[in-house]
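Next come the chains, spelled out residue by residue.
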Amino acid sequence: MDAAQVLLVVMWVGVTLYALLAGADFGGGIWDLLAGRSRAGMPQRRLIEHSIGPVWEANHVWLIFVIVVLWTGFPPVFAAVMSTLYIPLTLAALGIIARGAAFAFRKASTELWQQRLFGAAFATSSVLTPFFLGAVAGAVASGRVPPGLAAGDLLRSWLNPTSLLGGVLAVAVCAYLAAVYLCDDAVRAGSPELAGRFRHRALATGLVVGAVALGGISVIRWDAPRLFDGLTHRALALVVAGAVLGLLSLVLLWRRHYLSVRVTAALAVAAVVWGWPLAQYPVMLHPSLTVDEAAAVPAVLHATLLVLAVGALLVLPSMAWLFVLQRRSLHDPGAHG
Amino acid sequence: MTGLVALAGPAGAADLAAARMQMALSLGWHIVLACFGVGMPALLLSAEWRAIRTGDDALLRLARQWAKVAGVLFAVGAVSGTILSFEMGLLWPGLMGTYGQVIGLPFALEGIAFFVEAIFIGAYLYAWDRLPPRVHLLSGVPVLVAGVASAFFVVTANAWMNQPVGFVMENGRVTQVAPWRAMFNPATPPQTLHMIVAAFMVAGFGTASVYAVAMLRGRRDRYHRLGFMIPFTMAAVFAPIQIFLGDYAAKFLAERQPTKLAAAEGLFRTGPNAPLSLGGFVADGRLRYAVEIPSGLSLLVGHSPSTVVQGLDRVPVADRPPVTPVHLAFDTMVGMGSLLFLLAAWYAFAWWRRRDLPRSRWFLRFAALSGVAAVLALETGWIVTEVGRQPWVVYGRLRTLDAVNPAPGLWAGAVIVALVYVFLTVATVYVLRRMAGAPREQEPAPRAAAYAPQEPE
Ligand code: HDD
Ligand code: HEM
Ligand code: HEM
């Protein structure tokens, strides 16, 4: 592998972690939205808040990481994607502002109406942000973002069947991941009854994700034949793995193996996330901008990789420590007083 | 590839203006939060450290209160920063498509600093009672270090826009990039030092202001006194240093970006005996109604009246920045910096004589305004830097006009973003004010206190 490929892989690890970690945080917001009336929904909201609270900011940094690596390592791709898709990306950015700010404000506010207002903003933006990010992914994957500044169609690039599919799938996957993680978190927090509720939801959303994905195959076949071709040939193994792991997760959920389903569900999503670049490699932007052409000069790639390697030594152990603290905090009954 | 980027052509004038306004608004907003992100951890840690050493309850309550406030400010700072990294591409793809790789390194480093910061702030805020006090205190140290580091990294990127080095341009393509050299460009030392000190001043004076207001209203207990003195002392220490650094920055400009200094000083004619002009505005190609100190600028730049200072007459009109706003912004920054220095000196004098705060109510009144003054200096300083660099986004290399996103309709996005920031400002101020009321009203039972930083009830 040359430096550009390594950096691409590193960036995609960032995308995957963003999807798995921040995706679940978004999903938590979705379940917050659906938790029901203020009083009745309180225990669920509290659990969601406790499992998101300490980690969301760190999870969110993966997005910044991806953006920065993209503009450093593959600047023409960054410029093309940002300029053509500036409408959905602006909307996603607004969702990110509303979400982070409202989450912090809700925690700090004391009156019910404020908590409701900020809670509603938090929850709504938790749906909209993944939707627009998914639509952006669909736009790039279906080859509607050509190289150049704002060279693609400003509206049709993201208002199309594949983008719609991407958006819906992203929202459903977020909800699914969150429900799966929350089952486990609820057990840890000593609340099997809540775990049971999230189990039902995880099963239901799992089925929805499966259905959307199956239906999506025909959408992609018709709307983005190049992507379909890649997914059914080079990336076929990953697609199949994703499907198998997804089914396995449903079985595990059914049998209440909450910890192992955490792993299989995450792997299923990761398989699909990796299927996409594998399907279109080495092309980054259709028709013909390849990884090699888009990549920064070697000196930059090497410096960036060096910095990221050193950074990983600092960040990964600290992050593991944070997750341990967070799980312990779920255990601690005092935290719910 | 970048050839394609150049082909797309410029956007309309309204879109360019909108993009600039949006960028300035987002940056001007973020920078205030970022300053608290850099400075608050220092306050928190010193209060907590003293509290652990002395067992002083007022200090512990202060540390808890500041932690709660920092939690909100960090969250809002993080999201406003995320918007910025989007906007670098949404608004300025012409800059990022061509030069993204040259300034990528500091941003990658900054990303690592953000990770460290976000991880440890999460641990610090949520694990107050799950960690032994000393371990908890230690978990705050990386937050401080990472905050300062991220300010350093991001300002090196801005410094590069002022002193673009470390690459070669061939046929519209960037080659031979030397990323470390680009990062450690000539403008890096003056700008980063000046900015980091500004951050500590803004956070220090800003926090002290809140307690100065409370003391003026008669709450002069130990809690409020300490709440005033810890941040005010920190800021007061930095105030004189900042004057030196500002002078350093100005001398740097005289050598490396004379056009910006000329705009900041409203100097049109090149020559010796350049005056120092205060106030005034530009009409008919010269500065009017300014108070002039003869040879003042020559003296400041070269310590001699015969020092030749370059004026705006050396650059074509099309390459000049808008002079009036830059000049007035510069005067405001220097004015605020000098006033804050005097206030700090007053405090130091009283402390030296009597080991106490100055007795005059006027001291507290000025101190109550010091936070606003520091923010004003911060914002106007950035106006000098950014507007003074115009019409270039990359000094001498890329015009702002050629960097902007050519897509139509940017102004609509700018309007929406402006509205969102208005709402965000109102909500942040409202929530912070509510929190300011909270600690005294509900003097907590020990149990409730233990979970104060994370429990809303
Ligand atoms: C608390 C904030 C604060 C205070 C009191 C001052 N400044 Fe400042 N100044 C800044 C905050 C700031 C800043 C916002 O941080 C800037 C913008 C970019 C930068 O690097 O620092 C800045 C920029 C800046 C520049 C432009 C640097 C460049 O574009 O490269 C000059 C020449 C000065 N300052 C000079 C001064 C002088 C002579 C001061 C004397 C009192 C002073 N500043 C006080
Ligand atoms: C390291 C940090 C910063 C970076 C990388 C940065 C980058 C940029 C870029 C790319 C532009 C648009 C191009 C241009 O107009 O030249 C811009 C404009 C601007 N920025 Fe900054 N900026 C930074 C910090 C700040 C801060 C903290 C402020 C605070 C107020 C600020 C104020 C402005 C203003 C007022 C403009 C518009 C200038 C004009 O068009 O006249 N900048 N900046
Ligand atoms: C002089 C200008 C700037 C300074 C001193 C500065 C400093 C900081 C600091 C200290 C933080 C962390 C504190 C907090 O979360 O409140 C932060 C957050 C952030 N900043 Fe800035 N920044 C500046 C400009 C910019 C620019 C131009 C960008 C993007 C292009 C940017 C992107 C970000 C991002 C993405 C975050 C969020 C990180 C997180 O999630 O924790 N900043 N900034």
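Here the residue numbers are simple positions, counted from 1 along each chain's written sequence. Chain A is the first chain written and ligand 1 is the first ligand written, with later ones labelled in order. Given that this is a predicted model, residues contribute local features only at a pLDDT of at least 70 and side-chain atom pairs are listed and counted only at 80 or more, while totals for whole chains, interfaces and linings are drawn from all residues. Derived side-chain values reflect all non-hydrogen atoms in the structure, with water molecules and hydrogen atoms excluded from consideration.

### What about the overall build of chain A?
Within chain A one finds 13 helices and two strands. We take the radius of gyration over the C-alpha atoms and set the globule estimate at 2.2 Å times the residue count to the 0.38 power. Computed over the C-alpha atoms, the radius of gyration of chain A is 20 Å, within 12% of the 20 Å expected from 2.2 N^0.38 for a compact globule of 337 residues. For chain A, the C-alpha atoms occupy an extent of roughly 55 × 40 × 35 Å along the three principal directions. Per-residue burial for chain A yields a buried fraction of 61% across its 337 residues. Secondary structure counts use DSSP, requiring at least four H or I residues in a row for a helix and at least two E residues in a row for a strand, with both numbered from the N terminus. Burial classes: relative accessible area under 20% of the type maximum marks a residue as buried, over 50% as exposed, and values in between as partly exposed (1.4 Å probe, protein chains only).

### Looking at the coordination of the iron atom of ligand 3
On the protein, His30 of chain B (NE2) is the one donor atom to the iron atom of ligand 3, at 2.1 Å. The topology assignment puts His30 of chain B in helix H2 (residues 13-54). A donor here means any N, O or S atom no more than 2.8 Å from the metal (3.2 Å for Na, K and Ca); water is not included, so a site may seem to lack partners.

### Description of the coordination of the iron atom of ligand 1
Residue and element names in this part refer to chain B. The iron atom of ligand 1 binds to the protein through His194 (NE2) and Met333 (SD); the donor distances cover 2.1 to 2.3 Å. Coordination at the iron atom of ligand 1 is octahedral, judged from the six donor atoms that bind it and the angles of 85 to 180 degrees they form at the metal. In this pair, His194 sits in helix H8 (residues 188-216) while Met333 sits in helix H12 (residues 323-354), placing the two residues 139 residues apart along the sequence. Assigned by exposure class, His194 and Met333 land together as buried. Geometry is assigned from the angles between donors: four donors with all angles from 85 to 135 degrees make a tetrahedral site, four or six donors whose opposite pairs exceed 155 degrees while the rest stay between 65 and 115 make square planar or octahedral sites respectively, and everything else is labelled irregular.

### Digging into the nonpolar core
Only buried residues count toward a nonpolar core, which is a set of Ala, Val, Leu, Ile, Met, Phe, Trp, Tyr and Cys residues joined through side-chain atoms within 4.5 Å. In terms of nonpolar packing, the biggest core is built from 244 residues, with Leu95, Phe228 and Phe232 of chain B touching the most fellow members. Top contributing element to this core by residue count: helix H3 (residues 57-91) of chain B, with 20 residues. Throughout, a residue-residue contact means that at least one pair of heavy atoms, one from each residue, lies within 4.5 Å. Residue contacts for Phe228 of chain B: discarding those within four places in its chain leaves Ala208, Tyr211, Ala212, Met215, Tyr347, Leu357, Phe363, Leu364 and Ala367 of chain B. Counting ten residues, the second-largest nonpolar core is a separate cluster that includes Ala141, Phe228, Leu231 and Ala279 of chain A.

### So, the site of ligand 3
The nearness test applies per residue and asks whether one of its heavy atoms lies within 4 Å of the molecule or strand. In the vicinity of ligand 3 there are 29 residues, among which His30, Ile31, Gly81, Phe114 and Trp382 of chain B approach most closely. Those chains with residues close to ligand 3 are chains A and B. We define a polar contact as two N or O atoms separated by no more than 3.5 Å, with the added condition that, inside protein, one atom must be a possible hydrogen donor and the other a possible acceptor, whereas residues neighbouring each other in sequence contribute only through side-chain atom pairs. In this structure, a nitrogen atom belonging to ligand 3 sits 3.0 Å away from a side-chain N or O atom of His30 of chain B. Of all the secondary-structure elements, those providing two or more residues to the shell around ligand 3 are helix H3 (56-73) of chain A together with H2, H3, helix H5 (104-126) and helix H6 (133-162) of chain B.

### Structural notes on the interface of chain B and chain A
Each side of the interface is counted separately: chain B has 73 residues, and chain A has 71 residues. A 1.4 Å probe defines the accessible area here, and the buried area is the portion of it lost by two parts on being joined, summed over both. Carbon and sulfur atoms supply 77% of the area that chain B and chain A bury against each other, a total of about 6,400 Å² over both sides. Each salt bridge in this description consists of a side-chain nitrogen of Lys or Arg and a carboxyl oxygen of Asp or Glu lying within 4 Å of one another. At the boundary of chain B with chain A, the tally comes to zero salt bridges. For the pair chain B and chain A, the interface holds five residue pairs in polar contact (both at pLDDT 80 or more). With 17 residues, H5 of chain B is the single largest residue contributor to the side of chain B that touches chain A.

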